[in-house]
Amino acid sequence: MAGSFRNFDVGRWKVSAVAPKRRLDGSGREAATFPRSVRLLRHSDFEDVYKQGRRHFAAHLTVFYLRRADEGGPRIGFTVGKALGGAVQRNRMKRRLREAVRLSRHTLPPAVDVVVNPKKSLLKIAFSEIVSEIGCAFEVIQRSIEAKAK
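Conventions used here
Residues numbered from 1 in each chain as written. Predicted model: local features only at pLDDT ≥ 70, side-chain atom pairs only at ≥ 80, totals over all residues. Heavy atoms only, no water. Helix = DSSP H or I, 4+ residues; strand = E, 2+ residues; numbered from the N terminus. Contact = heavy atoms within 4.5 Å. Expected span 1.5 Å × (residues − 1). Buried < 20%, exposed > 50% of the residue type's maximum accessible area, 1.4 Å probe, protein only. Salt bridge = Lys/Arg side-chain N within 4 Å of Asp/Glu carboxyl O. Axes fitted to C-alpha atoms, helices over the stretch in contact; angles between N-to-C directions. Parallel < 35°, antiparallel > 145°, perpendicular 65-115°, else oblique. Left-handed = near helix turned anticlockwise from the far one by under 90°. Nonpolar A, V, L, I, M, F, W, Y, C, P; charged D, E, K, R; others polar. Core = buried A, V, L, I, M, F, W, Y, C linked by side-chain atoms within 4.5 Å. Pairing = 2+ DSSP bridges.

**Quick word on the environment of Arg-105**
Topologically, Arg-105 is positioned in the loop between α2 (87-104) and β6 (112-118). Sequence separation between Arg-105 and Ile-76 is 29 residues; the distance between their C-alpha atoms is 8.8 Å. When neighbours within four sequence positions are excluded, Arg-105 is seen to be in contact with Thr-33, Phe-34, Pro-35, Val-38, Ile-76 and Phe-138.

**What about helix α3 (residues 127-149)?**
The terminal C-alpha atoms of α3 lie 33 Å apart, and with 23 residues this matches the ideal 33 Å at 1.5 Å per residue to within 8%. Along α3, the residues that are buried comprise Ile-130, Glu-133, Ile-134, Gly-135, Ala-137, Phe-138, Ile-141, Ser-144 and Ile-145.

**Concerning the environment of Lys-120**
Of note, Lys-120 is situated in the loop between β6 and α3. With relative accessibility at 47%, the residue Lys-120 sits in the partly exposed group. Here the alpha-carbon distance between Lys-120 and Leu-61, two residues 59 residues apart in the chain, equals 8.7 Å. For Lys-120, the residues in contact, after removing those within four places along its chain, are Ala-83, Leu-84, Gly-85 and Met-93.

**A closer look at the pattern of salt bridges**
Applying the stated criterion to the full structure yields seven salt bridges. A salt bridge links Arg-102 to Glu-99; the shortest N-O distance between them is 2.6 Å. With Arg-102 and Glu-99 both in helix α2, this residue pair falls three residues apart, about one helical turn. Each of Arg-42, Asp-45, Arg-68, Asp-70, Arg-75 and Asp-113 takes part in one network of salt bridges that share partners.

**A closer look at the packing of α2 against α3**
The contact between α2 and α3 brings their axes to 9 Å, and the two run at 55°. Viewed along their axes, α2 and α3 adopt a mutual orientation that is oblique. Regarding α2 and α3, the two cross each other, and that crossing is right-handed. Residues Arg-96, Leu-97, Glu-99, Ala-100, Val-101, Leu-103 and Ser-104 of α2 form the contact with α3, whose own contacting residues are Phe-127, Ile-130, Val-131, Ile-134, Gly-135 and Phe-138. For the contact of α2 with α3, the per-class residue count stands at nine nonpolar, two polar and two charged.

**Remarks on the nonpolar core**
By size, the foremost hydrophobic cluster in this structure holds 27 residues, and its most contacted members are Leu-61, Ile-76, Leu-97, Val-114, Val-116, Ile-134 and Ile-141. Elements with a minimum of two residues in this core: β4 (61-67), β5 (75-78), α2, β6 and α3. With six residues, α3 is the single largest residue contributor to this core. Apart from the residues lying within four places of it in its own chain, the contact partners of Leu-97 are Leu-61, Phe-78, Val-116, Pro-118, Leu-122, Ile-130 and Ile-134. Membership of the second largest hydrophobic core comes to six residues, among which are Phe-46, Phe-64, Leu-66 and Val-115.

**Here we look at the sheet that holds β5**
Ordered by their spatial adjacency, four strands build an open sheet running β3-β4-β6-β5, and the pairing between neighbours is mixed. Every interior strand has two partners, whereas the edge strands, β3 (54-57) and β5, have only one. Here the average twist between neighbouring strands, direction ignored, is 20°. Pairing analysis gives four bridges linking β3 to β4, with the strands arranged antiparallel. Following the sheet pairing, Phe-57 is matched in β4 by Thr-62. This element, α3, spans β3, β4 and β6 of the sheet and lies at about 30° to β4.

As structure tokens, this is what we get:
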């Protein structure tokens, strides 16, 4: 079946609906996602990137990266500590970073783990600057990985 089946009582009518399997945004197009397959999820993966990986410093964020032995796609994680603000500010940082990474992740090499640590100033800059910084960081990662491969 395409989705889950639900019954709704609307006044005296009973309405049945089948929810679509894919998410749609407000304009009817398929919504862009950040699937689990491209996220770092385990604590041990984050620790490996921090301990064995390299880092790139930018004005509003720090990016840690580590080349993996397997040939899976790139995986990205975010760490936003409590020192950067309350839950609302931290979640806003993560949403902005997630979207900027989603727009730029096609430039990453295939087998790399990346952890993005924002700075508090990330909340005060325009989104286009975040996308630019993420793009520059991913280009640095790409060049670094290619240089090590040679």
